[in-house]
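# Per-entry structural report
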Amino acid sequence: MTERPEAPRVSAIRPYVITRGRSESEGEPLSWESLVMTAETAFPAALQPEHLAILEHCEGLISVGEVAAHLGQPPSVTQVLLSDLLRWGLIVTRPPIPPAERTDVTMLRKVLHGLESCL
Amino acid sequence: MVSKAASETLTEAAPPPAADGKYLDSNVSGAAKILVVGPLGVGKTTLIGTVSEIRPLSTEASMTRAGARVDPYAGDSGKKTTTVGLDFGRLTIDGDLVLYLFGTPGQQRFLPAWQDLAKGSLGALALVDARDLTASFDALGNLEDLDLPFAVAVNVFPTGPRYDADDVRTALDLLPDTPLVICDARDRASSIRALIALARHLIDLATESS
Ligand SMILES: Nc1nc2c(ncn2[C@@H]2O[C@H](COP(=O)(O)OP(=O)(O)O)[C@@H](O)[C@H]2O)c(=O)[nH]1
Ligand SMILES: [Mg+2]
């Protein structure tokens, strides 16, 4: 981690430039609570600095919202860049629990017990 | 889409959390979210801050000016900037499930922003200020419109009236099975108990529907 050059000051670049004019990723954007992590692959040398900066914040499992916060970037920009990385196989994601599972009693009980153990 | 509605930059209130708390345990297999809604000054940021295991992240941007107009208690609670937009906190459950708490203002005009947030969320905790029940009408109405199950947590402020659960229920026109709890958002156990009331309610609903 310390080996790599210092992360570029991404926040100084206009979001529009960073995403090359795309304001939205193709397909559904990753939601804020989607979990992402770098894949166990070597990064291509020619990666944009903005993509590299993201990868440096994804060395462990982390949510999209937190990546955006660490970068000081609008979440929408982070979502676009993460979609690129996902498409290129450079990150992996664990999608959030789908809405249908709102009625998953087992999962809800787990939430309840987890909360109770916080007391 | 969340991406469009939340165009501000997420910022951290203070220095970033230590790297060892930054990442989730790799055993975490899924994420769920709960919304925390209510009018400005009700205690959303406070509650998420007390519950979250990370320093909560929040948007404190352009909406501050608009918020100042509709926050009659900004003076008496001593806050200079009103946090408007999203608060974002995290709680790992049982080592393999992570719960995200999203705090979002309740006004009607923010409805588009939270339609997307509501998508996929388990339910909501609606915070109510005992001094001004009417301020929560929009938030509760939005939850009903979105068909999102919720529990109500009443935050009691020192200058407020004596709290009476029945009066609050009537004033807010709550369904008999909607949980209503008193909560001090500054206290972790109290805030967790409010979330527990919500979790129990969600289990009841899920058990009924199956
Ligand atoms: N007495 C009391 N004060 C609270 C409570 N929750 C929040 N506060 C205070 O109310 C003010 C506004 O809270 P904040 O969390 O910023 O409200 P938000 O606008 O909903 O995010 C802060 O000064 C808090 O310390 C509560 O449950 N009881
Ligand atoms: Mg706030």
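Since the model is a prediction, treat every value here as computed from it, not as a measurement. (Residues numbered from 1 in each chain as written. Chains lettered and ligands numbered in written order. Predicted model: local features only at pLDDT ≥ 70, side-chain atom pairs only at ≥ 80, totals over all residues. Heavy atoms only, no water.)

Right, let's talk about the overall build of chain B for a bit. Helix and strand content of chain B: eight helices and eight strands. Evaluated residue by residue, chain B yields a buried proportion of 53% over its 210 residues. Of the roughly 8900 Å² of accessible surface on chain B, a fraction of 52% belongs to carbon and sulfur atoms. (Helix = DSSP H or I, 4+ residues; strand = E, 2+ residues; numbered from the N terminus. Buried < 20%, exposed > 50% of the residue type's maximum accessible area, 1.4 Å probe, protein only. Areas by Shrake-Rupley, 256 points an atom, 1.4 Å probe, with all protein chains shown as cover.)

So, about the nonpolar core. Grouped together as the largest cluster of nonpolar side chains are 36 residues, with contacts concentrated most on B:Leu35, B:Leu143 and B:Val152. Broken down by secondary-structure element, the contributors of at least two residues to this core are β1 (35-38) of chain A together with β2 (30-38), β5 (97-105), α5 (111-118), β6 (121-129), α6 (137-146), β7 (150-155) and α7 (165-172) of chain B. Those residues in contact with B:Leu143, other than ones at most four positions away along the chain, are B:Val37, B:Trp114, B:Ala124, B:Ala126, B:Leu148 and B:Phe150. Counting 34 residues, the second-largest nonpolar core is a separate cluster that includes A:Val105, B:Ile34, B:Leu91 and B:Leu195. (Core = buried A, V, L, I, M, F, W, Y, C linked by side-chain atoms within 4.5 Å. Contact = heavy atoms within 4.5 Å.)

By the definition in use, this model includes zero disulfides over all chains. As a non-bridged cysteine, A:Cys118 has B:Cys183 as the owner of its nearest cysteine sulfur, 14 Å distant. Using a relative accessible area of 25% as the deciding quantity, one classes A:Cys118 as partly exposed. (Disulfide = S-S within 2.5 Å.)

Residue and element names in this part refer to chain B. Positionally, serine 52 belongs in the loop between α3 (44-51) and β3 (57-58). Only 2.7 Å separates the side chain of serine 52 from the backbone oxygen of isoleucine 54, close enough to count as a polar contact. Engagement of the side chain of serine 52 in a polar contact is seen with the backbone nitrogen of arginine 90, the distance being 2.9 Å. Excluding anything up to four places from it in sequence, serine 52 contacts Gly89 and Arg90. (Polar contact = N/O pair within 3.5 Å; in protein donor to acceptor, adjacent residues only side chain to side chain.)

This part covers the site of ligand 1. Residues and elements named next belong to chain B. Within the structure, ligand 1 sits among 18 residues, and Gly41, Lys44, Thr45, Thr46 and Ala185 are positioned closest to it. The contact in question runs from a nitrogen atom of ligand 1 to an N or O atom on the backbone of valine 156, over 3.4 Å. When the free accessible area of ligand 1 is taken as 580 Å², the share hidden by the protein chains comes to 86%. For the shell around ligand 1, the element with the most residues is α3, which contributes three residues. (Near = heavy atom within 4 Å.)

Let us look at the pairing of β2(B). All names here are of chain B. Of all nine residues making up β2, nine are buried, and the element is well covered by its neighbours. Burial along β2 is two-sided: Gly30, Ala32, Ile34, Val36 and Gly38 facing one way and Ala31, Lys33, Leu35 and Val37 facing the other are all buried. Examined bridge by bridge, β2 and β5 share nine bridges and lie parallel to one another. In the strand pairing of β5, lysine 33 is matched with tyrosine 100. By the bridge criterion, five bridges tie β2 to β6 in an arrangement that is parallel. Within β6, the residue paired with valine 36 across the bridge is leucine 125. (Pairing = 2+ DSSP bridges.)

Attention shifts here to the interface of chain A and chain B. With 42 residues of chain A at the contact, the number on the chain B side is 57 residues. Buried area between chain A and chain B, both sides added, is near 4200 Å², and the carbon and sulfur share of it is 69%. In this structure, the connection of chain A to chain B is made through four salt bridges. Among the secondary structure elements, those contributing two or more residues to the side of chain A that touches chain B are β2 (62-63), α3 (64-71), α4 (75-87) and α5 (105-116) of chain A. For the side of chain A that touches chain B, the residue count by class is 21 nonpolar, 11 polar and 10 charged. (Buried area = accessible area lost by both parts, 1.4 Å probe. Salt bridge = Lys/Arg side-chain N within 4 Å of Asp/Glu carboxyl O. Nonpolar A, V, L, I, M, F, W, Y, C, P; charged D, E, K, R; others polar.)

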